[in-house]
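Structural overview for review
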Amino acid sequence: MENPTTSKVVLLACGSFNPITNMHLRMFELARDHLEDTGHYSVIKGIISPVGDAYKKKGLIEASHRVEMARLATESSEWITVDSWESQQSDWVETSKVIRHHYEELLAREHNRDDVDTVKYTKKRRIEENYIASSLSPLSLCSDGPQLMLLCGADVLESFGIPNLWKQEDIAEIVGRYGLVCVTRSGGDPHKFINQSDDLWKYRKNIHVVHEWVTNDISATHVRRALRRGRSVRYLLPESVVRYVQEHSLYSAESEQKNADVVLAPFQKYSDASTKTES
């Protein structure tokens with residue numbers, strides 16, 4: 001039976017997923033357990049959003065392959081899905097805009113669900129009124145609809161401190177308006193990084209740090225290295241993904257050099273913007 005006192009949460013993970021690994025999937029399970037253990041949340045859905053090719057990260061293979069591998073990896077999941085909207089955009093889309101897109105989709109579905117039954121009209125009006133009124137609050141979200149949180153690893157949290165990789169207003173929107181669920185990795189200390197950052201400290205109550213006590217250092221970088229060296233990656237990736245990689249001969253020494261001489265999209269965009277501002 002649904003607990004009316006808990007907030008519904010949808011977890012969104014953005015990234016390269018190059019390729020998707022068992023650890024990516026494990027993060028969703030860890031985050032759901034952590035949030036639901038608080039007694040304040042009910043996680044109803046997980047969304048994997050692979051970045052588009054325009055991100056220009058070194059070694060990033062085509063989005064069509066990365067999306068398909070993610071779909072294969074989540075076939076057996078009852079609550080984790082894959083969304084291709086971000087990957088289909090011709091230009092790189094900032095994470096804040098991706099989150100905004102998915103939140104608007106969630107809100108639209110809530111409204112459509114209410115439209116089916118006119119008895120729920122009062123609730124629909126309440127959602128709309130809360131959504132408008134909440135624009136004055138730090139979270140700027142409607143209280144009756146699902147809450148969307150960004151799910152990430154500690155490396156993403158720490159990347160907030162890299163110059164020209166993130167806009168400060170985007171960090172404020174992501175963490176302050178939506179919330180962040182950060183899964184720790186071996187050797188990382190998210191709490192220390194949050195303490196050292198004035199921006200993150202301001203929104204610290206919106207950051208949920210999840211400790212992974214069964215340490216697992218699987219990374220897509222290590223997987224790609226093993227693949228291009230002809231090593232086995234079984235049990236690091238879902239078996240369906242391993243088969244897909246083999247069938248399409250993905251991840252070679254050549255593919256790892258893709259975008260090697262190209263500036264990463266955010267660096268290009270934000271560096272150009274800061275240069276124009278200075279001039």
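Scope of this entry: the structure provided in the associated data block. Here the structure is a predicted model, which means the values were calculated and not measured. (Residues numbered from 1 in each chain as written. Predicted model: local features only at pLDDT ≥ 70, side-chain atom pairs only at ≥ 80, totals over all residues. Heavy atoms only, no water.)

**Some points on the sheet that holds strand β6 (residues 207–210)**
Spatially, six strands are ordered β3-β2-β1-β4-β5-β6 in an open sheet, and the strand pairing comes out parallel. Two strands bound the open sheet, and with one partner strand each, they are β3 (80–82) and β6. Sheet twist, expressed as the mean angle between neighbouring strand axes with direction ignored, is 25°. Two strands pair when backbone bridges link them, and strand β1 (residues 7–15) and strand β2 (residues 41–50) are joined in this way by nine bridges, in the parallel orientation. Bridge pairing links A13 to I48 in β2. Sitting on the sheet, helix α1 (residues 22–37) touches β1, β2, β3, β4 (147–153), β5 (180–183) and β6, and the angle it makes with β2 is about 160°. (Pairing = 2+ DSSP bridges. Helix = DSSP H or I, 4+ residues; strand = E, 2+ residues; numbered from the N terminus. Axes fitted to C-alpha atoms, helices over the stretch in contact; angles between N-to-C directions. Contact = heavy atoms within 4.5 Å.)

**A short note on the packing of aromatic side chains**
Considering all chains together, one arrives at five aromatic pairs under this definition. When the ring of F28 is compared with that of W79, the centres are 6.0 Å apart and the planes differ by 75°; the resulting orientation is edge-to-face. Here F28, found in helix α1, pairs with W79, found in the loop between α2 (63–73) and β3; they are 51 residues apart in sequence, far enough to count as distant. You'll find F28 and W79 in the same group, each marked buried. Centroid distance Y55 to W92: 6.2 Å. Interplanar angle 40°. Geometry classified as tilted. Linking Y55 in the loop between β2 and α2 with W92 in the loop between β3 and α3 (95–116), this pair joins segments that are 37 residues apart in sequence. Assessed through its relative accessible area of 17%, Y55 is described here as buried. Taking the relative accessible area as the measure of exposure, W92 reaches 18% and is therefore buried. An aromatic cluster of three or more residues is present, and its members are Y55, W92 and Y270. Lying across the ring of W201, R204 places its NZ or CZ 4.0 Å from the centre. (Phe/Tyr/Trp six-rings, centres within 6.5 Å; stacked < 30°, edge-to-face > 60°. Buried < 20%, exposed > 50% of the residue type's maximum accessible area, 1.4 Å probe, protein only. Lys NZ or Arg CZ within 6 Å of the ring centre and 35° of its normal.)

**A look at the environment of Q246**
You can see Q246 is positioned in helix α10 (residues 239–247). Overall, the relative accessible area of 58% leaves Q246 in the exposed class. For the pair Q246 and L227, spaced 19 residues apart in sequence, the C-alpha to C-alpha distance is 9.4 Å.

**Thoughts on the nonpolar core**
L11, I20, I48 and M69 are the most contacted members of the largest nonpolar core, which totals 41 residues. For M69, the residues in contact, after removing those within four places along its chain, are P19, I20, I61, V241, Y244, V245, L250 and Y251. Membership of the second largest hydrophobic core comes to 38 residues, among which are L12, C152, Y203 and Y270. (Core = buried A, V, L, I, M, F, W, Y, C linked by side-chain atoms within 4.5 Å.)

**Considering the side chain of H208**
Here H208 shows up in strand β6. Look past the residues within four positions of H208 in its chain and what remains in contact with it is H34, L35, Y41, M149, L180, V181 and C182.

**Observations regarding the pattern of salt bridges**
Within this structure, the stated rule accounts for 12 salt bridges. Measuring nitrogen to oxygen at the nearest pair gives 3.6 Å for the salt bridge that ties R26 to E212. Of the two residues, R26 sits in helix α1 while E212 sits in the loop between β6 and α9 (220–228), which places them 186 residues apart along the sequence. On the basis of relative accessible area, R26 is assigned to the partly exposed category, the value being 37%. Where salt bridges share partners, they join E94, K97 and K269 into one cluster. (Salt bridge = Lys/Arg side-chain N within 4 Å of Asp/Glu carboxyl O.)

**As for the packing of α2 against α10**
The N-to-C vectors of α2 and α10 enclose an angle of 150°; their axes lie 8 Å apart at closest approach. It follows from the interaxial angle that α2 and α10 lie roughly antiparallel. Considering how the two elements wind past one another, α2 and α10 form a crossing that is right-handed. Between α2, through H65, E68, M69, L72 and A73, and α10, the contact on the second element is made entirely by S240, V241, Y244 and V245. (Parallel < 35°, antiparallel > 145°, perpendicular 65-115°, else oblique. Left-handed = near helix turned anticlockwise from the far one by under 90°.)

**Description of empty space enclosed by the protein**
Rolled over the atoms, a probe sized like a water molecule indicates the empty space that remains. Enumeration according to the criterion identifies one cavity of 30 Å³ or more in this entry. The volume enclosed by the largest cavity comes to roughly 40 Å³. Classifying every residue of the lining of the largest cavity gives five nonpolar, two polar and three charged. (1 Å grid on protein atoms, 1.4 Å probe; cavity = no way out; pocket = protein on both sides within 12 Å on 5 of 7 lines; lining within 4 Å. Points joined across faces, edges and corners; volume = space filled by probe spheres on them. Nonpolar A, V, L, I, M, F, W, Y, C, P; charged D, E, K, R; others polar.)

**Focus on α2**
Along an α-helix, residues three or four apart share an orientation, since each turn contains 3.6 residues. Summarising burial for α2: eight of the 11 residues are buried, a large majority. Every buried residue belonging to α2 is among A63, H65, R66, V67, M69, A70, L72 and A73, and all of these are buried.

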